[in-house]
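Single-letter residue listing:
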Amino acid sequence: MEREFITTTKKNRTIKALNLMQAEYNVYLLEKGYGLAHRMRKQQSMFGIDEYVYTGRFHKGCIKLVNGRNMSYGLPEKERYNFGFTLEGEADKIFQVRNALCKYNSNERRRFCYTNKKSELYFVGDPFKIYSMYVRIYDNCYGYCNNRWVVIYAETPNSDEMNFLNNGLY
């Protein structure tokens, strides 16, 4: 996994950057306006499927979830219909899906956003706070692998998680 990164030096600072030639197949979070790519940590969710986690700060603006070795597949993949995002927890407050039909379900306390080819996910929360973002990717019910729906759950890490992050163990 270490070959996945390149170490470079800029202005007497050592920077660890993602090596796209050796990147493993995973889900990445792109902050489009800043040119940053974050590899999301893969874990098993309580629902029995893969879940991808990023804990850190976000820059305001457009973000994109991508997968594949060369980060070429956007998530959710743009099919003809019935694809989009579900925003749960704090994700409903810190993310916005623009150019989409979004409906809030007060019984389930989540927002469903049906997207189209022009839809984009934006971070509109506090850029000085640290958030944990959990992403689950679902296919349709017919067994096609089309990554059509992305569920995003976000929260502010508790003090134990913050100590873990501040000690550089993450």
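Scroll up for the structure.
Described in the following lines is the structure provided in the data block. Sequence order as written defines residue numbering, which begins from 1 separately in each chain. Where totals are concerned, whole chains, interfaces and linings use all residues; where local detail is concerned, this predicted model gives features only for residues with pLDDT of at least 70, and gives and counts side-chain atom pairs only at 80 or more. Side-chain descriptors were evaluated using all non-hydrogen atoms of the structure, hydrogens and water having been removed beforehand.

Let us look at the overall build of the protein chain. Helix and strand definitions follow DSSP, with helices as H or I runs of at least four residues and strands as E runs of at least two, each counted in order from the N terminus. A count of helices and strands for the protein chain gives 2 helices and 15 strands. Burial classification: accessible surface area is computed with a 1.4 Å probe over protein chains only, and a residue below 20% of its type maximum counts as buried, one above 50% as exposed, and the rest as partly exposed. The buried share among the 170 residues of the protein chain stands at 39%. We call two residues in contact when some of their heavy atoms are within 4.5 Å. The contacts in the protein chain between residues at least 6 apart in sequence include a share of 61% that link residues at least 24 apart. In the structure as shown, the protein chain presents an accessible area of about 10,800 Å², 49% of it carried by carbon and sulfur atoms. Here the accessible surface of atoms and residues is derived via Shrake-Rupley with a 1.4 Å probe, and residues count as covered only by protein chains that are part of the display.

Turning our attention to the packing of aromatic side chains. Two measures describe an aromatic ring pair: the distance that separates the ring centres and the angle between the ring planes. The pairing test for Phe, Tyr and Trp rings, Trp by its six-membered ring, is centres within 6.5 Å, and the orientation test on the planes gives stacked under 30 degrees, edge-to-face over 60, and tilted for anything in between. Across all of its chains, the model carries 8 aromatic pairs by this definition. A centroid spacing of 6.4 Å and a plane angle of 45 degrees characterise the contact between Phe 58 and Tyr 131, whose relative ring orientation is tilted. Residue Phe 58 is located in the loop between β6 (50–56) and β7 (61–67), and its partner Tyr 131 is located in strand β14 (residues 131–138); the two are separated by 73 residues in the primary sequence. The pair Phe 58 / Tyr 131 is uniform in exposure class, with both members buried. Between Tyr 114 and Trp 149, the ring centres sit 5.2 Å apart and the planes meet at 65 degrees, which makes this aromatic pair edge-to-face. One end of the pair, Tyr 114, is in strand β12 (residues 110–114); the other, Trp 149, is in strand β15 (residues 149–155), with 35 residues separating them in the sequence. What makes Tyr 114 partly exposed here is its relative accessible area of 38%. According to the relative accessible area criterion, Trp 149 is buried, its value standing at 9%. Cation placement over rings: the criterion is NZ of Lys or CZ of Arg within 6 Å of the ring centroid and within 35° of the ring normal. One cation-aromatic arrangement involves Arg 98 over Tyr 122; the distance from NZ or CZ to the ring centre is 3.8 Å.

A separate point is the nonpolar core. By nonpolar core is meant a set of buried Ala, Val, Leu, Ile, Met, Phe, Trp, Tyr and Cys residues that side-chain atoms within 4.5 Å join together. Counting residues in hydrophobic clusters, the biggest one holds 25 residues, and the most contacted among them are Met 40, Leu 65, Phe 85, Phe 95, Met 133, Val 135 and Ile 152. A total of 4 residues in this core trace back to one element, the largest contributor, which is β14. For Met 133, the contacting residues outside a window of four places in its chain are Leu 29, Met 40, Tyr 52, Val 53, Tyr 54, Phe 58, Leu 65, Phe 95, Ile 152, Tyr 153 and Ala 154.

Here we take up the environment of Asn 158. By secondary structure assignment, the location of Asn 158 is in the loop between β15 and α2 (159–166). Its relative accessible area of 43% is what places Asn 158 among the partly exposed residues. Distance in space between the C-alpha atoms of Asn 158 and Ser 132 is 9.9 Å, their sequence separation being 26 residues.

Every case where a carboxyl oxygen of Asp or Glu lies within 4 Å of a side-chain nitrogen of Lys or Arg is listed as a salt bridge. Summed over the entire model, instances satisfying the criterion amount to 7 salt bridges. For the salt bridge of Lys 32 with Glu 120, the shortest nitrogen-to-oxygen distance reads 3.3 Å. Of this pair, Lys 32 sits in the loop between β3 (27–31) and β4 (36–39) while Glu 120 sits in strand β13 (residues 120–123), and the two are 88 residues apart along the sequence. Judged by relative accessible area, which is 44%, Lys 32 ranks as partly exposed. The class of Glu 120 is partly exposed, set by a relative accessible area of 29%.

With that settled, consider the sheet that holds β14. Two orientations exist for strands paired in a sheet by backbone hydrogen bonds: parallel and antiparallel. For two strands to count as paired, DSSP must find a minimum of two bridges between them. Spatially, β5-β6-β14-β15-β9-β12-β11 is the arrangement adopted by the 7 strands of the open sheet, whose pairing is mixed. One side of each edge strand has no neighbouring strand; the edge strands of this open sheet are β5 (41–44) and β11 (101–105). The sheet shows a mean angle of 25 degrees between the axes of neighbouring strands, taken without regard to direction. For β11 and β12, the ladder comprises 5 bridges, and the chain directions are antiparallel. The residue bridging Tyr 104 from the neighbouring strand is Arg 111, located in β12. Each axis is a line fitted through C-alpha atoms, and for a helix only the stretch in contact is used; angles between axes span 0 to 180 degrees, taken between their N-to-C directions.

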